[in-house]
Structure formats: C-alpha cells, structure tokens
Amino acid sequence: MTFTDLPEFGRCPIPQRVDVPALTHILRELLLNRRCVIVLDDLWVKEVWESVRLASPDGKNSRIIITTRRGDKANSCRDGDSIDIHKLQPLSPESAEQLFHQKAFSRNGKCPSGLEEVSKSILLKCDGLPLGIIKIDSLESELRSTGELSNIMKVLSTSYKDLPYHLKYCFLYMSIFPENNPVKRRRLVRLWIAEGFVTEETGETVEEVGEEYLMELIDRNLIKANELDFDGLPKSVGVHSLMLKMILSIAHEENFCTVCTGGAPRNLTSNTRRLSIQKQDFEVSQPLPHVRSFFSFGIAKINIDSDFKLLKVLDIQGTSLEEFLSAITKLLLLLRYLSLRETNIKSIPSSLSNLRQLETLDLKQTLVEKVPKAVLQLEKLRHLLVYRYNMESSLPFDIVQGFKAPKRITALKNLQKLSFVKVCVQRRMSWQLSMIQGLNNLTQLRKLGVVELAKEDGASLCHSIGKMPNLHSLSVTSLSMEVPLELDAMPNNLPAFLQRLYLKGPLQKFPRWISSLHDLVRILLNPIPALQNLPHLVELQLLHAYTGTLSEFKSGKFPQLKILDLQQLEQLRSIVMEEGTLPCLQKLITSHCSRLGRVPIGIDKLIHLRMLVLYDMPDPFVTRLRQNGGRLRHLIQHISCIHSYKQEWLEDLS
C-alpha cells in the first residue's frame, strides 16, 4: 500500500492539502484495529521513521520493516527491545555463484566448461553483493567503453553524496590503496590526521576523533571491517571492489589522487596532489610541484627530488630500501607522516631534526636499533614506532626487538605511542634510570612498550606509569627469562583507562593493583584467581609465569573471555574447567606445555569454543585427539577447527 492508495483503503477521502500532523492522525485512524505490514524502503532521514512511528497504533498486530544503507540510522531507530536490527551480510560464495550462473547463463543456470576461472574472477570483484552480481554484465561493458560511472555506480554514489564534507575526503582516501590490500585501522587514522582531515574536539584527541570518523563510515556501509580485534574494533579495513571503482572514478574527477598501476603514467599532471604508485620501476619524468602525499607499494626504485618539497605524507612501506634517503631530511621539511616500515634501513641520520612538523615516525619491522638525539627536536611527534619481531626466535619471550632511545626522549611531551624502548642499555649509566623516572613527563601517552627492564627498576617504572592518566596499553618485558618483574609499587592513582596489559617475565609476587583494572580487556601474564572476576577481560595469555601443576577455572568466572592462550607453562600437568566457567570462550591455545597430558577437563562443556590450536605439544597429548582412535576425541567433537603445529608442520585434526 502506498499513500496514493489511502483514499480507497480508508473510509474517508484525504484532503488535497494536508499538513503532517493531520496526515499522521488520518493514517493512525486508518491503521487502527487492522493487521498490516508497513515497509519503509531505503531510509535516509530519521524524522521519516519518527512520523510513521507516531502514526502507528499501539499493539502487536502489525509489523514495520525498515531498510537502510546506514547502520547509524538503523541504530537511531531503536528505542527498546521491540526493534531488532538485522545486518545483511554478503552472499556466501556458493549462493553468489548460483545467482551469477542464473544471470549469466540463463538457459540452464550452469557455467559452461572452460569458463570456470573467468566466472570466479568476476565473482571475486563482486564481493558477494547481489546488486553487483546482477548488473555485472552492464557494469563491465560501460567501464570498458567510457571509463565513467555506470548506472550501478550512480546508485552507489548516492551514499557518497550523503556524506558530510569532512568524511568525503576520508572516504576518497581509500583510492590510494591497491585492491584487495587491507589497510590497518590505526595507520589509516594517522594518515587522515597528517592530511588535516580530522579536527580535534574538546575532550578528545585527534586520534579518537579519527576513530569516530572511521566507525561512521563503517556504519554507513561505505568502508568494511576486514578483520576484527578481540575488543570488537576492526584491525584492518577495506572497500568492496565495486565501491573502489566508484572511489577511483570520483578521485580522478576531483583530482584527489592519481593512481599508477601499470604502463606509462598517462594521467600525471602538474596539478597531481596525491600519488599512489602500484607498479614496478616507476620514474617521474615531469615536474609535480603540487604533490602533497606519496605512496609506493612494494616498488623497488624510489626517486625523490625538489618537486616533492611540499610533501606532507611519505609512505614507502614494504619497499626494498637499504639506506635512509638523504633527500627526505634535506627537501621534505613539511613532512607530517613518514613510514619506512618493513624496509631494510639500519640507521637514521641526525638530519632527522629538520623534520620539525613530523607527527608520525614509523620504523616498525626495520633494522633500526637506535634513534639519534635529533629526534628530540621533533616537538610535534605523536607516534614513535621503532621495533621489529624476531621471527627466527622460537621463544615468545624475546620475539620483540626494541630500540635504544636518547637520554631525553621523555622531553617529547606530545607522544601518544612509544614502543618499544630498551630501558636497560648501558645499565650502569645513571642517566638510564633517570630516563625511566622521566617517563612520568609523558602524560599524554596512550601506548607504552618497554623491554629489558631490570628488577631494581620496577618501582621507578611503576611511579612513572602512575603519572600517565590516559594510558590504554602497557607492555613490559624483563631483562631476561630469569629476571623477575617487580611491579608491586604502583601508586593508587592507576591509569583509569588501561585496557591492554602485557607482562613478560617471572612474577615472584602478583601485582595487587591488576585486579582493580576493571576496564582491562586483554592481559598477558598469570594468576587466575586474581583475574577471574574482571568483568571486561576478553583475552588472557599466560606466558612462562605460572609454576603450578594445576590450573582451575571456577564456575561463573571469566564472563567475557573469548581467547585463552597458555604458553610455556612447563610445570602444568592438568587443567580443570568447571561447568559454567568461560561461557564465551571461542579460541583456546596451548603452546610448549611439555608436561600437560590431556585437554582440559570440562572442555566438552564449552559450547562456544570454535578453535583449538596446539604448538609443540607432547605426542601423547596430540595422539589422544586424533580421529579414528583418539581416546579423548569425543570431548572435542564440537570444535570446528583443530590445528596442531610441530616444528612449523601443520596437522589438521578437525
């Protein structure tokens, strides 16, 4: 029924000119004592729903269905338990293939022999979107003939046009990244900030505002979350292939970004503002005086000249760069964001001090082990990431390799992230202890990572942490596996927002303050009794800290825990999980627990457990779980994914 049907549906005609309150009253009278279904399709404005809601009679005889592309509008319609939100998911690969075959091969709905690979390639671009699958034939032909937006793209562009101005640039930024290349959430937000797209709000950092921008774009179904972290936030994001085509088209029309993917770069002009290089052996052969951002994705050869002097963003992550490019500190004096992540550089020159506008310095997964004193001149620096994972190490303890910081690193008072600092280098020098004490100047820190902490420095570190009210993530690793962590001297004014805690090293005494961290969602250390009542703890990793033989999980405890990771508990012989414990557990990992003889008692009661992962567990342990004869196989039948790794060799026990 539409509004034009109302005169026939009702008992009285509707006047030609009627205001909204009068129409609401008429509609309410018409619907009174009737059973009906009202459908509001493609809702964009909440006020439309409010008007219909006021016109709807009380009672449970009718239903209202609302469709909308925007998750934020769906959430705004909720006023209680009477409204359910169903988020439509992409079609499964099987359903997508069936729909495509029905559309493309209408005679019998079956893919002809020889076209299977082509069919799969087309379906991959559709990402399970029914609209894309149905219109794929016209889409491909229009893009080939004109290179402009097809009709389907014009449908998708409606969502873009509805965006507020500040979100349009953030959305178009996805044009920079190659297709099927997930973008880390935090990286994307830091890039937005460097570009000036994010405006700081009262009581929030620009990073927090940037996160809100991203979540709004996800709620609007313009950006998709590829992988979720344990706390429900996306680890990485991306866009559907069809959406990327639209973004690239708009970015080209508005001169937002120039993407070079192959062949000669024909679309480069002197007005190019952002340059994304996605091809090998690229060389700029013409002046580009207006380039503000330069990205290179795995390209071997990078040339930077005086044309790039207005650059704000330089991201050459993953290139085979062997040495720091001198042109960076000589010419790029306006840089706000510099990422040399996953390159092979070994050192940073003292001329780094020239980059006075720098806010992010990302040297993660490089060979840099020391940062020069010149970094102290970068007063606007907010993110200093200098560490790498030593994948050759067989022990999780020393897998993170940190860096030696200059003496006065604590003078950088705008730092939000600092990881991972070696705090016991040249231990006998008095300035090293003063650096630990000086950490209390970094009151804006959200993330702090320190490695090589000596036992006697624990109290000083605790004192400094007590001066960091905004700390969200803390990682502390002791000097060695034999050196205990002494962290019981924490003052009463704990960081109220601390959510992630990683303690690597023996604990002779469990820090009492940990049990009061009610916002904690992730922890890496030990004792279960002091942690079992934490209401928001989602992930728990016990690493080489527990020396007991029995680990018990009591009924009703760990109400939100989803991931339990047990590593190198060398004395552990038995685990007991009482019925009613760990009600939300989804993933269980046991690694290098050499004396553990069997899976936990009570594992068969963990109805939500979906994954069991074993690393270098004893042969009898694994044998009891194998199909066709494993004595304890019946206890894990409900677990869909069971993997056992032995010296990097995978055995699928599912």
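Every chain is numbered independently, its residues counted from 1 as its sequence is written. In keeping with the model being predicted, local features are shown solely for residues with a pLDDT of at least 70 and side-chain atom pairs are shown and tallied solely at 80 or more, while totals for entire chains, interfaces and linings include all residues. The basis for every side-chain value is the complete set of non-hydrogen atoms in the structure, without hydrogens or water.

Asks: How do you make sense of the pairing of strand β15 (residues 417–422) when you look at a structure like this?
Replies: In the case of a regular strand, side chains alternate between the two sheet surfaces. For every residue, the accessible area (1.4 Å probe, protein chains only) is compared with the maximum for its type, and the residue is labelled buried under 20%, exposed over 50%, or partly exposed between those bounds. Helix numbers and strand numbers start at the N terminus; a helix is a DSSP run of H or I with at least 4 residues, a strand a run of E with at least 2. With six of six residues buried, β15 is to be regarded as a mostly interior element. Bridge analysis of strand β12 (residues 383–385) against β15 gives three bridges, and the strand direction is parallel. In the strand pairing of β15, L385 is matched with S419. Of the pairings in the sheet, the one linking β15 to strand β16 (residues 447–453) comprises four bridges and is parallel in character. What sits directly across from K417, in β16, is K447. Being paired, for any two strands, means DSSP has found at least two bridges between them.

Asks: Would you take a moment to explain the nonpolar core for this structure?
Replies: In summary, soluble globular proteins display a tendency toward joint burial of nonpolar side chains. The set of buried Ala, Val, Leu, Ile, Met, Phe, Trp, Tyr and Cys residues whose side-chain atoms join them within 4.5 Å is what this entry labels a nonpolar core. Counting 105 residues, the largest nonpolar core has L314, I328, L338 and L418 as the members making the most contacts within it. Among the nonpolar cores identified, the runner-up in size contains 44 residues, and I176, F177, I193 and V237 belong to it.

Asks: Can you walk me through a nonpolar patch on the surface in this structure?
Replies: A patch consists of residues exposed above 30% relative accessible area that lack any salt bridge, with like charges linked at up to 9 Å and nonpolar side chains (Val, Leu, Ile, Met, Phe, Trp, Tyr) linked at up to 5 Å. Each accessible area is a Shrake-Rupley estimate made with a 1.4 Å probe; only the visible protein chains count as cover when residues are assessed. When a carboxyl oxygen of Asp or Glu lies within 4 Å of a side-chain nitrogen of Lys or Arg, that pair is called a salt bridge. Together, V37, V39 and I65 make up a nonpolar patch on the protein surface, roughly 270 Å² of accessible area in all. Tracing the chain through its elements places V39 in strand β1 (residues 37–40). Relative accessible area serves as the criterion here: at 52%, V39 is assigned to the exposed category.

Asks: Could you clarify how one ought to interpret the confidence of the model for the chain in this entry?
Replies: Parts of the prediction with low pLDDT should not have their coordinates interpreted in detail. With 82% of its residues at a pLDDT of 70 or more, the chain has an overall mean of 80. Between residues 1–5, whose pLDDT stays under 50, and residues either more than four places distant or in other chains, the model counts three contacts. Residue-level confidence of the predictor, termed pLDDT, takes values from 0 up to 100. Two residues form a contact once any of their heavy atoms are found within 4.5 Å.

Asks: Is there a simple way to think about the pairing of strand β17 (residues 473–478) in this case?
Replies: Counting buried residues in β17 gives six out of six residues, a clear majority hidden from the surface. Residues S473, S475 and T477 line one face of β17 and the alternating positions L474, V476 and S478 line the opposite face, and both faces are buried. As defined by bridge partners, β16 adjoins β17 across five bridges and the pair is classed as parallel. By the bridge assignment for β17, G449 is matched with S475. Between β16 and its parallel partner β17, the chain crosses via helix α16 (residues 458–465), and the hand of that crossover is right-handed. Looking down the strands as they point away from the viewer, one classifies a crossover as right-handed if the path from the first strand across the helix to the second runs clockwise.

Asks: Help me understand the environment of S475 in this model?
Replies: Among the structural elements, S475 can be located in strand β17. A residue is classified by how much of its surface remains accessible, and S475, at 9% relative accessible area, is buried. For the pair S475 and L503, spaced 28 residues apart in the sequence, the C-alpha separation amounts to 6.0 Å. Every residue in contact with S475, bar those within four places of it in the chain, is listed here: F420, L448, G449, V450 and Y502.

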